[in-house]
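Here are the chains, one letter per residue:
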Number of protein chains: 2
Amino acid sequence: MPQYRTLDKLDRKLLNLLQKDNQTPTRVLADKLHISQPTCLRRIRELREAGVISAEVAMVDSFALGYGMLAFLEVSLTNQADECMREFEARMNKEAEVMQCYFVSGEYDYFLVVHVIDMDAYYQFVRRAISGSGNVRHFHSRFPMKRAKFTTRIAFDEKAAELPVRTGK
Amino acid sequence: MPQYRTLDKLDRKLLNLLQKDNQTPTRVLADKLHISQPTCLRRIRELREAGVISAEVAMVDSFALGYGMLAFLEVSLTNQADECMREFEARMNKEAEVMQCYFVSGEYDYFLVVHVIDMDAYYQFVRRAISGSGNVRHFHSRFPMKRAKFTTRIAFDEKAAELPVRTGK
DNA sequence: GCTGAAATCACACATTA
DNA sequence: TAATGTGTGATTTCAGC
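Residues numbered from 1 in each chain as written. Chains lettered and ligands numbered in written order. Predicted model: local features only at pLDDT ≥ 70, side-chain atom pairs only at ≥ 80, totals over all residues. Heavy atoms only, no water.

## Observations regarding the overall build of chain A
Counting its regular elements, chain A contains five helices and eight strands. Reading the secondary structure of chain A in the N-to-C direction produces β-α-α-α-β-β-α-β-β-α-β-β-β. Compactness check: chain A gives a C-alpha radius of gyration of 20 Å against a globular reference of 15 Å for 169 residues, more than 25% above the reference. Seen through its principal axes, chain A has C-alpha atoms that stretch 55 × 40 × 25 Å. The proportion of buried residues among the 169 residues of chain A is 49%. Long-range pairs, those at least 24 residues apart, make up 71% of the contacts in chain A with a sequence separation of at least 6. Accessible surface, chain A as shown: approximately 8,600 Å² in total, 51% of it carbon and sulfur. Of the charged side chains in chain A, 25 are positive and 22 negative, and the gap between their average positions amounts to 6 Å. (Helix = DSSP H or I, 4+ residues; strand = E, 2+ residues; numbered from the N terminus. Rg over C-alpha atoms; globule rule 2.2 N^0.38 Å. Buried < 20%, exposed > 50% of the residue type's maximum accessible area, 1.4 Å probe, protein only. Contact = heavy atoms within 4.5 Å. Areas by Shrake-Rupley, 256 points an atom, 1.4 Å probe, with all protein chains shown as cover. Lys, Arg positive; Asp, Glu negative; His and termini not counted. Charge placed at Lys NZ, Arg CZ, Asp CG, Glu CD.)

As structure tokens, this is what we get:
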């Protein structure tokens with residue numbers, strides 16, 4: 001049963017900052033928000049515990065490094081029974097090459113963003129994880145030529161009133 | 001002029017760990033890699049300075065929180081001159097709602113992933129940033145019903161030989 | 001929000017290969 | 001000579017008040 005919690009202005013300012021850089025000392029964040037360092041730290045801990053902050057990670061821009069390639073892969077299943085869809089999603093969650101997986105409406109059922117080292121690795125991936133999976137009717141690949149933007153940052157409105165969100169606990 | 005650098009096994013193990021959680025104390029990371037804490041920290045700093053680690057951020061899973069919605073937006077430009085494309089990409093980089101922007105081949109020129117609070121905000125965004133931009137011939141929206149997977153983690157092979165990458169400095 | 005103890009970070013230097 | 005490990009002081013985190 002999901003519980004609810006609200007994010008006040010302080011929480012949202014904090015989230016906006018931490019989504020840019022989570023290595024900033026709490027002392028510095030506290031100064032920017034005009035609060036004390038312990039208060040700042042407590043807020044951060046609460047956001048973590050509530051699951052509002054879902055992960056804290058280092059990001060590698062593999063394209064800036066000239067490492068790897070990307071593919072868009074659209075997939076339609078032979079069987080759209082709930083269990084089959086769950087099973088497909090669970091499998092995609094296990095595949096390291098699958099960066100993103102969306103359930104979509106239209107000609108295909110799923111839209112995937114796949115990261116692989118090279119075209120041969122992509123071929124191997126498709127044969128193993130997609131066409132060899134038993135529940136795929138057909139699929140279609142596209143290859144983006146350039147990633148012009150990629151961010152995980154959600155801009156929270158720092159002026160609006162309290163914002164209610166669902167938490168996991 | 002890009003310079004090159006290689007990632008050895010230690011670097012790749014470190015990247016695999018930091019991409020999961022960058023809040024782990026260097027002492028703990030060092031133990032896992034069987035190296036000393038200063039060596040571990042030095043490696044991390046070098047990966048940062050070389051730009052291999054492009055960002056260190058907190059992630060907010062807005063869908064788990066029941067906050068916001070996603071749209072796929074395909075756009076084709078009226079003018080595909082290099083300058084027009086640059087200008088479009090620069091504009092998308094400024095728009096907070098645009099999470100991802102890819103240059104693709106096919107019917108459309110760009111594929112965007114857009115995050116907004118609600119459908120009205122999406123309408124406002126499209127009118128302002130897309131159809132009102134002066135260089136868009138036509139566009140098409142799709143709305144994914146579920147995000148079944150989202151990760152920024154690239155799995156580096158910890159067994160392979162030295163891996164050459166491009167660095168910014 | 002403040003203070004102090006514990007942990008972590010980050011440096012200079014010695015050591016090894 | 002370049003990279004790793006050791007020891008130590010400065011910062012930061014974090015609990016109790």
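Moving on from the coordinates now.
## Things to note about the protein's contact with DNA strand C
Around DNA strand C sit A:Ser36, A:Pro38, A:Thr39, A:Arg42, B:Pro25, B:Thr26, B:Gln37, B:Pro38, B:Leu41 and B:Arg45, and that is every residue in its neighbourhood. Here A:Arg42 contributes a side-chain N or O atom positioned 3.3 Å from a base nitrogen of DNA strand C. Within the side chain of B:Thr26, an N or O atom sits 2.6 Å from a phosphate oxygen of DNA strand C. Of all elements in the fold, only helix H3 (37-49) of chain A together with helix H3 (37-49) of chain B reach the threshold of two or more residues within the surface near DNA strand C. (Near = heavy atom within 4 Å. Polar contact = N/O pair within 3.5 Å; in protein donor to acceptor, adjacent residues only side chain to side chain.)

## Some words on the packing of aromatic side chains
Counted according to the given criterion, the structure contains 18 aromatic pairs over all chains. Relative to A:Tyr110, the ring of A:Phe103 has its centre 5.3 Å away and its plane inclined at 45°; by these criteria the two rings are tilted. Take A:Phe103: its relative accessible area is 18%, and that puts it in the buried class. Taken together, the ring pairs connect A:Phe72, A:Tyr102, A:Phe111, B:Phe72, B:Tyr102 and B:Phe111 into an aromatic cluster. (Phe/Tyr/Trp six-rings, centres within 6.5 Å; stacked < 30°, edge-to-face > 60°.)

## Digging into the protein's contact with DNA strand D
If you check the shell around DNA strand D, you find A:Pro25, A:Thr26, A:Gln37, A:Leu41, A:Arg45, B:Ile35, B:Ser36, B:Pro38, B:Thr39, B:Arg42 and B:Arg43 and nothing else. Here, DNA strand D places atoms within 4 Å of the protein, and 58% of those atoms are sugar or phosphate. B:Thr39 is positioned with one of its side-chain polar atoms (N or O) 3.0 Å from a phosphate oxygen of DNA strand D. Where the surface near DNA strand D is concerned, the elements lending two or more residues are H3 of chain A together with H3 of chain B. The leading source of residues in the surface near DNA strand D is H3(B), at four residues.

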